[in-house]
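Chains, contacts and geometry: an overview
Here is what each chain is made of, one letter per residue.
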Amino acid sequence: MASNASSQVVRTGAGSRFVIYTLLAIFCLYYLLPLYVMVVNSLKPLSEIQAGGMMSLPSEWTIAPWASAWSTAQIGVAATGLKPYFLNSILMVVPAVAISTVLGALNGYVLTKWRFRGDTIVFGLLLFGCFIPFQMVLIPMARMLGLMGLAGTVPGLVFVHLVYGIGFSTLYFRNYYQQFPTELVRAAMIDGAGFFTIFRRIMLPSSGPIAVVCIIWQFTNIWNDFLFGASFSDFDSQPMTVALNNLVQSSTGVKEYNVHFAGAIMAALPTLLVYVVAGRYFVRGLMAGSVKG
Amino acid sequence: MKFSRKLAAATCLAAMTISATAARAGDVEVLHWWTSGGEAAALNVLKKDLEGQGIGWQDMPVAGGGGTQAMTVLRARVTAGNAPTAVQMLGFDITDWAKQGALANLNDVAAEEGWDGVVPEALQKFSKYEGQWVAAPVNVHSTNWVWANKGILDDLGIAQPTTWDELVAAMQKVKDSGKVAVAHGGQAWQDATIFDAVVMATGGPDFYKSAFIDLDTEALGSDTMKEAFDRMTVIRSFVDDNFSGRDWNLASAMVINDEAAFQFMGDWAKGEFLNAGKTPGEDFLCFRFPGTQEQVTFNSDQFALFKQGDKPSAEQAALAKAIMSPSFQSAFNVVKGSVPARVDVPDTDFDACGKQGMKDLAAASSSGNLFGSMAHGHANPASVKNAMYDVITAHFNGEYDSETAVSELVSAVELAQ
Amino acid sequence: MSSNVTSRRADDWLRDALPKIVLSPSLAIVLVFVYGFILFTFYLSFTDSRILPSYGLVGWENYWKLFSLRAWGIAIDNVLIFGSLYIIICCALGLALAILLDQKIRAEGFIRTVYLYPMALSFIVTGTAWKWFLDPGIGLQAVVQSWGWESFTFEWIKDREMAIYTIVIAAVWQTSGFVMAMFLAGLRGIDNEVLKAAQIDGASNWALYRRIVIPQLRPAFMSAFVVLAHMAIKSYDLVIALTGGGPGTATELPATFMYSYTFTRNQMGIGAASATIMLMSIAAIMVPYIWSELREKK
């Protein structure tokens, strides 16, 4: 295990540790406050919210809004809740994240360890692509998807997210691999290891922390995307965000804030799960392990 | 450049020849933004009706921004060659899509069902393009309503105001009593909704028409317009300081909870009052904005059908017929708070406000006092409407005075055309 | 044998070309779907496109109209204020939290998730929570006043001058945790041996970070900068949910401007012109920065 490597070099005294913990706790409060508003109000009956006191604890606790958001809230003509849309989102997000992360890792590997003439320009081109405003690609992208026969399909959505995710995943891995000692790769090459062997045996085992960052970024962005999800899906492939938006944005109806908040937290749960699970790979010293092994 | 030109040609082609591939033959795919409980339940009536005829309903709801989100999605889908069968639309959007040649011609159905005789002239302006029926209107919302808390008015001895001066006096009385006179949400479309009524009351219907519908530069830059802006300043002084960004339903809640006396809002506000267990006439009053008792400014939801061939398909015709059937129009509008687009629907199921709304609509329609609402995209195209929003909102928030607002209005409208 | 030689040569060729072959699909996709679309947008900005692309050329008219619009000027001012504050605060906060969290903290996993979770929530709804929280009538101000501090005021969101700063607060809340994670990944990638050696030489903790750790985080800084700049420029949901561009037009940003002209106002030509200007400004800032970063590192 990497525990010996994660033993800190920088040592801190009891006094400064107290300060550190206090600071970390204060920031926990800053990050948790809006969640408090959402959770508290998702557990109140609507009448209590309308009566005011949006910051106070419920005087009558209820889980009805959660039940409603999950299975009976009005999304379209049918009162299905968010339930059926989760599967659509998962079918879209898992392949898109997996492919773009693997491609990003490979690209980063090539750009730092197998350099060639003009590689900087290639990276620059990939990177600048991150900045294209999505609003402008909507119409030409729709046309291209139509031509490719992918309009209104899940593979179409996966493709779109892949296209606009590559720049970031490449950026993360390239900048991370840059710190990685090139000598190790050289040595392996002299030993006769091939392109993919080096990637699998040497680069991948040390990629934990950056893979976490990349997956968090891609998962969050794709899961929460609304514009592409709404525009490039069909009646049977609408992702969860479109449903959540439909739940929340009713124009002239009564706004059920408690249900909205419950739905929003619910919709974020898969992403949170990814944070917790992937976070386990955030351990220091994996690289040191590979140096020794 | 070569690539983009190719793309250009392809996109053009897509807009011109739309072939719906998504919906199976015999099904209709409907893009709409009616997702709140009541609206969706009402739409379900339509779905059941079609299913009874063996036509499947594929639901494609996209809410947000009063339909703008759905319009964005529509553009992507049409460009991809994957247009839905039927789409909920408002005012000038219908005309714009009809200009692209994308909408089906419903003249046969209309003739068979006699739509010409039962739909008000002012609505037909949007449902028809170059003499062809291209959309089926569902409802008429009227926007120049005042919602008042009866308890507060009775306590302060205020009678229902019928002129601008009476309204100002009433608002002053409420303010002096320590309550909020006008519950208002500072969002561009809400500011513009009030402005609609104020312009109508200040300049009368002819002025409204030449300024907002004909976009006459002289009217837009006139002293009457300046007076309308001055009146907006007056109203602003009766709004609480916390108004900015407030949703309209929270403003309604202020009237419901006895915090505020008046709200100037369209007829959809009624749902909020009814939902809170209030009774029209007893707990709250609904009346036309003072000075616009004769007039009705409206917006109307319609369903436009996208071309799938030379003639509308059997299921499109069935959908159009179902939308225009008096039973659906009544059932839907009772729930929605609006009034039917047909003027011959019996008012038996409607409440007091609904009955009055239907009476007002019929009267305004026959006396030529029915006008499209500027704030809701039924007086001028989206580009002009939003340019007007910019000026109205900036002025209402005190970014400049009425004089500047008038000249800004003239130049903004010019730029947007 | 000659056949042996050729196969050997083919092997060599494959070995040389493999990295490029691996990279080429990504490059091809980006060339078409990013640069092709940029050219298309550039072309559209000279046309009379309104509801859908249309190809009547109108010269510089869209640009002329764009710069005479008051809202565009406001959007530019705002993105400068918002972007610089947002990037600086997120980087500083993210780095500070990452360093603090790297001190063998007991509940690291929990705290990390707390800092990160705002990223998970879609602003469609979080915006409502923030809006309430910032609303003087029901949020922070009302609560603090109810605790007895009657003179406390916090009305930024209703104030034309200050509203843009409330957007910064909410935006920092959303992404600073992710920036923290990026720096944390960087910190975890640093070789401990170097640090140990420096410590034996008697360097203080402060010097250790300033001289050795932070310079090694340069690539992580670059990642953070690119991500944050991208977020700053594309901030759309946030503004719509929090202020809707108001009070008045005080919090208009280029992204909201572009969306509204392209789709809501059916003036696609002006929308395309604003996108072109945005892309050119981004290029003017990013290209020299990226170039210097990449060259220096060789």
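Cut-offs and rules
- Residues numbered from 1 in each chain as written.
- Chains lettered and ligands numbered in written order.
- Predicted model: local features only at pLDDT ≥ 70, side-chain atom pairs only at ≥ 80, totals over all residues.
- Helix = DSSP H or I, 4+ residues; strand = E, 2+ residues; numbered from the N terminus.
- Rg over C-alpha atoms; globule rule 2.2 N^0.38 Å.
- Contact = placed C-beta atoms within 7 Å.
- Buried ≥ 20, exposed ≤ 12 C-beta atoms within 10 Å, placed from the backbone.
- Pairing = 2+ DSSP bridges.
- Domains from an automatic or database assignment.
- Nonpolar A, V, L, I, M, F, W, Y, C, P; charged D, E, K, R; others polar.
- Axes fitted to C-alpha atoms, helices over the stretch in contact; angles between N-to-C directions.
- Left-handed = near helix turned anticlockwise from the far one by under 90°.
- Core = buried A, V, L, I, M, F, W, Y, C linked by C-beta atoms within 7 Å.
- pLDDT = per-residue confidence, 0-100.
- Expected span 1.5 Å × (residues − 1).
- Bend = angle between axes of the 7 residues up to and from the residue.

Some points on the overall build of chain C
Helix and strand counts for chain C stand at 13 helices and zero strands. Element order for chain C, N to C, with α for helix and β for strand: α-α-α-α-α-α-α-α-α-α-α-α-α. Over its C-alpha trace chain C gives a radius of gyration of 25 Å, far above what one expects of a compact globule, namely 19 Å for 298 residues. Dimensions of chain C, computed from C-alpha atoms along their principal axes, come out at roughly 85 × 65 × 30 Å.

Remarks on the overall build of chain A
Within chain A, the secondary structure is distributed over 15 helices and zero strands. Principal-axis analysis of the C-alpha atoms places the extent of chain A at approximately 70 × 65 × 30 Å. Sequence separation of 24 or more characterises 75% of the internal contacts of chain A that already satisfy a separation of 6 or more.

Topic: the pairing of strand 10 (residues 260–264) of chain B
All names here are of chain B. Here strand 10 lies mainly inside the structure; five of its five residues are buried. Taken together, the three bridges between strand 8 (residues 145–149) and strand 10 define a ladder with antiparallel strand orientation. Of the residues in strand 10, the one forming a bridge with Trp147 is Gln263. Bridge count for strand 9 (residues 180–182) against strand 10 is two bridges, and the pairing is parallel. Bridge pairing in strand 10 links Val182 to Phe262.

Section: the environment of Tyr43 of chain C
Topologically, Tyr43 of chain C is positioned in helix 1 (residues 2–44). By C-beta crowding, Tyr43 of chain C is classed as buried, having 21 other C-beta atoms within 10 Å.

Thoughts on the interface of chain B and chain A
Opposite the 41 residues of chain B that make contact, chain A presents 31 residues. Among the secondary structure elements, those contributing two or more residues to the side of chain B that touches chain A are helix 1 (2–16), helix 2 (37–52), strand 2 (56–61), helix 3 (68–79), helix 13 (248–256) and helix 14 (269–275) of chain B. With seven residues, helix 2 of chain B is the single largest residue contributor to the side of chain B that touches chain A.

A few points about the domain arrangement of chain C
All names here are of chain C. Partitioning chain C into domains gives domain 1 (1–44) and domain 2 (61–297). Summarising the inter-unit geometry, the C-alpha centres of domain 1 and domain 2 are found 36 Å apart. Contacts between domain 1 and domain 2 engage four residues on the former and six residues on the latter. Residues of the side of domain 1 that touches domain 2, tallied by class, amount to three nonpolar, one polar and no charged.

Focus on the packing of helix 3 (residues 64–72) of chain A against helix 14 (residues 257–279) of chain A
Residue and element names in this part refer to chain A. Orientation of helix 3 relative to helix 14, taken along the N-to-C sense of each, is 65 degrees, at an axis distance of 8 Å. Crossing of helix 3 over helix 14 shows right-handed handedness. Packed against helix 3, whose contacting residues are Pro65, Trp66, Ser68, Ala69 and Trp70, the element helix 14 presents Asn258, Val259, Ala262, Gly263 and Met266 at the interface. Among the residues making up the contact of helix 3 with helix 14, the classes are represented as seven nonpolar, three polar and no charged.

A word on the sheet that holds strand 6 (residues 135–137) of chain B
All names here are of chain B. Spatial ordering of the open sheet is given by 2-1-3-13-6, a layout of five strands whose pairing is mixed. Of all strands in the sheet, those with a lone pairing partner are strand 2 and strand 6, marking the two edges. Taken over all neighbouring pairs, the strand axes of this sheet differ in orientation by 30 degrees on average, direction set aside. Here five bridges tie strand 3 (residues 86–90) to strand 13 (residues 301–305), and the two strands are oriented antiparallel to one another. Pairing of Ala86 across the sheet is with Leu305, part of strand 13. Relative to strand 3, helix 4 (residues 91–99) is tilted by about 125 degrees, and along the sheet it contacts strand 3, strand 6 and strand 13.

Description of the interface of chain A and chain C
Chain A puts 82 residues into the contact, and the matching count from chain C is 82 residues. When residues in the side of chain A that touches chain C are grouped by element, the largest group, twelve residues, is from helix 1 (residues 14–42) of chain A. Taken together, the residues that form the side of chain A that touches chain C break down as 62 nonpolar, 19 polar and one charged.

Let's talk about the nonpolar core
The biggest cluster of nonpolar side chains holds 321 residues, and the ones touching the most others in it are Ile216 of chain A together with Met388 of chain B. By residue number, the principal contributor to this core is helix 7 (residues 163–189) of chain C, which donates 15 residues. The residues touching Ile216 of chain A, leaving out its near neighbours within four places in the chain, are Val274, Tyr275 and Ala278 of chain A together with Leu116, Phe178 and Ala181 of chain C.

Let's talk about the confidence of the model for chain A
All names here are of chain A. For chain A, per-residue confidence averages 85 on the pLDDT scale, and 91% of positions sit at 70 or higher. Predicted confidence for residues 1–7 stays below pLDDT 50, and this span has 13 contacts to residues more than four positions away or in other chains. Predicted confidence is poor over residues 285–293, with pLDDT under 50, and the contacts of this stretch with residues over four places away or in other chains come to 16 contacts.

Focus: the environment of Gly36 of chain C
Following the sequence through the fold, Gly36 of chain C ends up in helix 1. A sequence separation of 39 residues divides Gly36 of chain C from Ala75 of chain C, and the C-alpha atoms of the two residues are 27 Å apart.

Some details on the domain arrangement of chain A
Residue and element names in this part refer to chain A. Split into domains, chain A comes out as domain 1 (14–66) and domain 2 (83–292). Computed over C-alpha atoms, the centres of domain 1 and domain 2 are 31 Å apart. Each side of the interface is counted separately: domain 1 has nine residues, and domain 2 has eight residues. Those elements giving two or more residues to the side of domain 1 that touches domain 2 turn out to be helix 1, helix 2 (46–50) and helix 3. With four residues, helix 1 is the largest single contributor of residues to the side of domain 1 that touches domain 2. Classifying every residue of the side of domain 1 that touches domain 2 by side-chain character gives six nonpolar, two polar and one charged.

Looking at the sheet that holds strand 11 (residues 284–288) of chain B
Residue and element names in this part refer to chain B. Strand order in this open sheet of four strands is 9-10-8-11, and the pairing throughout is mixed. The sheet terminates laterally at strand 9 and strand 11, the two strands that pair on one side only. Adjacent strand axes in the sheet meet at a mean angle of 20 degrees when their direction is disregarded. Packing against the sheet, helix 13 makes contact with strand 8, strand 9, strand 10 and strand 11, and its axis sits at approximately 145 degrees to strand 10.

Notes on helix 10 (residues 188–213) of chain B
Residue and element names in this part refer to chain B. When the terminal C-alpha atoms of helix 10 are compared, their 19 Å separation across 26 residues is substantially less than the 38 Å that a helix rising 1.5 Å per residue should span. Approximately 120 degrees is the largest bend angle found in helix 10, and it occurs at Gly204, with the proline Pro205 only one to four residues beyond. Downstream of helix 10 by a residue or two, Leu215 has a phi angle that is positive, lying close to 55 degrees.

Regarding the environment of Ser100 of chain A
Residues and elements named next belong to chain A. Mapped onto the fold, Ser100 is located in helix 4 (residues 83–113). A count of 28 C-beta atoms within 10 Å places Ser100 in the buried class. Each C-alpha atom of the pair Ser100 and Gly167 lies 9.2 Å from the other, and the pair is 67 residues apart in sequence. Those residues in contact with Ser100, other than ones at most four positions away along the chain, are Leu162, Gly165, Ile166, Ser169 and Gln218.

Remarks on unusual backbone geometry
Residue and element names in this part refer to chain B. Even without being glycine, Leu215 reaches a positive phi, approximately 55 degrees. Considering the arrangement of structural elements, one finds Leu215 in the loop between helix 10 and helix 11 (217–220). Looking at Leu215, the number of C-beta atoms within 10 Å reads 19, which means it is partly exposed.

A closer look at helix 7 (residues 154–163) of chain A
When you tally the buried positions in helix 7 of chain A, you get nine out of ten residues, the bulk of the element. Among the residues of helix 7 of chain A, those classed as buried are Val154, Gly156, Leu157, Val158, Phe159, Val160, His161, Leu162 and Val163 of chain A.

Looking at the pairing of strand 7 (residues 139–142) of chain B
Residue and element names in this part refer to chain B. Neither face of strand 7 is exposed, since Asn139 and His141 on one face and Val140 and Ser142 on the opposite face are all buried. Alignment of strand 7 against strand 14 (residues 339–340), held across two bridges, turns out to be antiparallel. Paired with Asn139 across the strands is Pro340, a residue of strand 14. Both strand 7 and strand 12 (residues 296–299) contribute to a ladder of two bridges, which runs antiparallel.

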